[in-house]
Amino acid sequence: MKLLVNLGRDTLNVLRGMGNATIMLFQALVGKPQPLKMFPLLMRQLYVVGVQSMLIILVSGLFIGMVLGLQGYTILVDFGAEQALGPMVALSLLRELGPVVTALLFAGRAGSALTAEIGLMRATEQLSSLEMMAVDPLRRVIAPRFWAGFISMPLLAFMFSAIGIYGGFVVGVQWLGVDDGAFWSVMQASVEWRYDIMNGFIKSLVFAFVVTWIALYKGYTAVPTSPGISAATTQTVVYSSLAVLGLDFVLTALMFG
Amino acid sequence: MKNLVELHDVHFSRGDTSIYEGVSLVVPEGKVTAIMGPSGCGKTTLLRLIGGQLRPSSGQVQFAGHEINKLGRGPLYEVRKRMSMLFQSGALFSDMTVFDNVAFPIREHTDLPENIVATVVKMKLDSVGLRGAAHLFPSELSGGMARRAALARSIALDPELIMYDEPFAGQDPISMGMLVKLIRSLNRTLGLTSIVVSHDIHEVMSIADHVCIMANKRIVAQGSPQQLEQEGNELVQQFLHGEPDGPVPFHYPAKNYADDLLGKGAGQ
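This is a predicted model, so every value here is computed, not measured.

Student: It is not clear to me how the overall build of chain B should be interpreted in this structure. Could you clarify?
Tutor: For chain B, the helix and strand inventory stands at 10 helices and 10 strands. For chain B, the spread of C-alpha atoms along the principal axes amounts to about 75 × 40 × 35 Å. Relative to its 268 residues, chain B shows a buried fraction of 51%. At a minimum sequence separation of 6, the contacts of chain B that also span at least 24 residues come to 62%. Entry remark: accessible area of chain B is about 12,600 Å², with carbon and sulfur atoms responsible for 52%. In chain B, which carries 25 positive and 29 negative side-chain charges, the distance between the mean positions of the two groups comes to 4 Å.

Student: Mind showing me how you'd approach the sheet that holds strand E3 (residues 32–36) of chain B here?
Tutor: Paired through their backbone hydrogen bonds, the strands of a sheet run either parallel or antiparallel. Residue and element names in this part refer to chain B. Ordered by their spatial adjacency, six strands build an open sheet running E6-E7-E8-E3-E9-E10, and the pairing between neighbours is mixed. Two strands close off the open sheet at either side, each with one partner strand: strand E6 (83–86) and strand E10 (218–223). For this sheet the average axis-to-axis angle between neighbouring strands, irrespective of direction, equals 15°. Pairing analysis gives four bridges linking E6 to strand E7 (residues 161–165), with the strands arranged parallel. Directly across from Met83, in E7, lies its bridge partner Leu161.

Student: Quick question: what am I supposed to make of the sheet that holds strand E1 (residues 3–14) of chain B here?
Tutor: All names here are of chain B. Strand order in the open sheet formed by four strands is E2-E1-E4-E5, and the pairing between neighbours is antiparallel. Bordering the open sheet on either side are strand E2 (17–28) and strand E5 (66–67), each of which pairs with just one other strand. Strands E1, E2 and strand E4 (58–63) of the sheet are contacted by helix H1 (residues 43–50), whose axis makes an angle of about 115° with E1.

Student: Whenever I open this one, the packing of helix H1 (residues 2–29) of chain A against helix H6 (residues 137–175) of chain A confuses me. Can you help?
Tutor: Relative placement of two packed helices is described by the angle separating their axes and the distance separating the axes. Residues and elements named next belong to chain A. It is the contact of H1 with H6, at a shortest axis distance of 8 Å, that shows an interaxial angle of 95°. When the axes of H1 and H6 are compared, the pair comes out roughly perpendicular. Taken together, the residues of H6 that come into contact with H1 (itself represented by Met24, Leu25, Gln27, Ala28 and Leu29) are Leu138, Arg139, Ile142, Ala143, Phe146 and Trp147. By residue class, the composition of the contact of H1 with H6 is nine nonpolar, one polar and one charged.

Student: Explain the interface of chain A and chain B here, please?
Tutor: The figure often quoted for interface size is the accessible area lost as the parts come together. Across the boundary between the two partners, chain A contributes 18 residues, which contact 25 residues of chain B. Across the chain A/chain B interface, buried area totals approximately 1,900 Å², and carbon plus sulfur atoms make up 53% of it. Among the residues chain A hides against chain B, the three largest losses belong to Glu125, Met132 and Met133 of chain A. Together they make up 36% of the total. On the surface where chain A and chain B come into contact, there are five salt bridges. Between Glu125 of chain A and Arg48 of chain B there is a salt bridge, with its nearest N and O atoms 3.3 Å apart.

Student: How should I be thinking about the pairing of E4 of chain B in this particular structure?
Tutor: Where a strand is regular, its side chains alternate between the two sheet faces. Residue and element names in this part refer to chain B. In terms of strand pairing, E1 meets E4 through five bridges, oriented antiparallel. Following the sheet pairing, His11 is matched in E4 by Ser58. Of the strand pairs in this sheet, E4 and E5 are connected by two bridges, and their pairing is antiparallel. For Gln62, the partnering residue across the bridge sits in E5 and is Glu67. Linkage of E4 to E5, two consecutive antiparallel strands, is achieved through a turn of two residues, within which Ala64 is found at a positive phi near 50°.

Student: Looking at this structure, how should I read unusual backbone geometry?
Tutor: Note: most peptide bonds trans; most residues except glycine with negative phi. Despite not being glycine, Glu125 of chain A shows a phi value in the positive range, around 65°. Checked against the element boundaries, Glu125 of chain A lands in the loop between helix H4 (85–123) and helix H5 (126–132). Of note, Glu166 of chain B is a non-glycine position whose phi angle comes to about 45°, a positive value. Positionally, Glu166 of chain B belongs in the loop between E7 and helix H6 (173–189). By relative accessible area, which is 9% here, Glu166 of chain B ends up buried.

Student: Please explain helix H5 (residues 143–154) of chain B as it appears in this structure.
Tutor: Structurally, the α-helix is built with 3.6 residues per turn, so residues lying three or four positions apart point the same way. In this model, H5 of chain B (12 residues) spans 16 Å end to end at C-alpha, consistent with the 16 Å of a helix rising 1.5 Å per residue. Most of H5 of chain B sits out of view: 10 of its 12 residues are buried. Listed in full, the buried residues belonging to H5 of chain B are Gly144, Ala146, Arg147, Arg148, Ala149, Ala150, Leu151, Ala152, Arg153 and Ser154 of chain B. Looking at the buried side of H5 of chain B, the elements it contacts are H5 of chain A together with E6, helix H3 (98–109), helix H4 (114–127), E7 and H6 of chain B.

Student: Got a minute to help me understand the packing of H4 of chain A against H6 of chain A in this structure?
Tutor: All names here are of chain A. Across the interface, H4 lies against H6 with an axial gap of 7 Å and an inter-helix angle of 145°. Crossing angle aside, the handedness with which H4 passes H6 is right-handed. Across the contact of H4 with H6, the residue classes tally to 21 nonpolar, eight polar and two charged.

The rules behind each value
Residues numbered from 1 in each chain as written. Chains lettered and ligands numbered in written order. Predicted model: local features only at pLDDT ≥ 70, side-chain atom pairs only at ≥ 80, totals over all residues. Heavy atoms only, no water. Helix = DSSP H or I, 4+ residues; strand = E, 2+ residues; numbered from the N terminus. Buried < 20%, exposed > 50% of the residue type's maximum accessible area, 1.4 Å probe, protein only. Contact = heavy atoms within 4.5 Å. Areas by Shrake-Rupley, 256 points an atom, 1.4 Å probe, with all protein chains shown as cover. Lys, Arg positive; Asp, Glu negative; His and termini not counted. Charge placed at Lys NZ, Arg CZ, Asp CG, Glu CD. Pairing = 2+ DSSP bridges. Axes fitted to C-alpha atoms, helices over the stretch in contact; angles between N-to-C directions. Parallel < 35°, antiparallel > 145°, perpendicular 65-115°, else oblique. Nonpolar A, V, L, I, M, F, W, Y, C, P; charged D, E, K, R; others polar. Buried area = accessible area lost by both parts, 1.4 Å probe. Salt bridge = Lys/Arg side-chain N within 4 Å of Asp/Glu carboxyl O. Expected span 1.5 Å × (residues − 1). Left-handed = near helix turned anticlockwise from the far one by under 90°.

Below is the structure:
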């Protein structure tokens, strides 16, 4: 009986949290547009959230592409199919690894930073002071950060895939001797714009929405103490990662299943 | 005398814990009103109720005729342009200089050209003695300077009401003296109404025109400092004179001391 009560209470808490998160996002994004005020804030957040995440994304993309090239070659060469290395690397990155790994890295790098920043703003009463100055913190703080995450993550995913393909090229063609022309021409013939690239793009848009939303909500509702902010930051990374992996399965089943 | 803020029979709870049970008080316009009481009695909560950041379970919170607890989001933000709050931590934006912190509400709520904004900011900073610190970031300020910079930001839009949340907490005597002087002089020169939440009795009693003492989830006494000195309520006298024991006991409730030492009874 107690188990049932706990289960019911936890379910209600989860539903309440989702409802509150939805209301928060709605209030942040829906309202009279203020482009003149919003633009400089958005640009600043694009720099903080997007540009400052580029290094980890590019370095990770390069290494993952190199590993794909190496692993792919050792498998394909047994069947004399090393010319298929190009499409293997490209499709793996564009359909799956690009959006998914970028989202996971984004959650760890930018998501946790967003949560900690907003949580600290709450702890130091900066959000309350905005409210008392008749400035809506949802519009001033949450909205630009949300759009910055939503815009920058798909771009980062493209960069990840592009540099990953280059990593696969370096290992496969320049190191292991796969034919240069075959690598690129088979890739060009196999990769479809709508089916592969656009579906990957849609995935990264969905991940961007979810990861940024979780990060902002966890920061906005963080308990304003050191352990509270620490817990919120951890939850952002854990929940975002689980959401990305779960959604990836659903989206893959819908798109490619 | 007209009242700028009125609370009528306000009840407020956090979860199952009742914070207020029928709080009623008035804040006369143009005066300095002090809210005092033991730690944890809900003084800051009172300011948040007046600012509309919290809503009471029942009762009325009125500011300049507006029933704050019934206002929607838009009208509430409009009313908040007429009030201001100095937070205990200062709550300065850490990524902005002192100048930009003070300019922030002006830039948000007016279309003044930048040269006029700069003039207004310098005037506000000068009134708190920090014109020379305009270029500094909050992390470069002492506690007292941060509090004064936050005060300059609070008066940037010339509010009708300013609420001070523990303005003297953690301040050295010089900073405390400066803040006392500032609160009094700003109230007089700008024609503000001030609410000061504090338990620094001597400082508050020296500048307050009207004092409310909170305890036991309600206002136990209110009046001028002189009236409160004559107040017969034991709790008020214990608080005003800082007596360690009285209606607010020194000891947290416990079983008989001798029984406890001798190990009698349960719960050793």
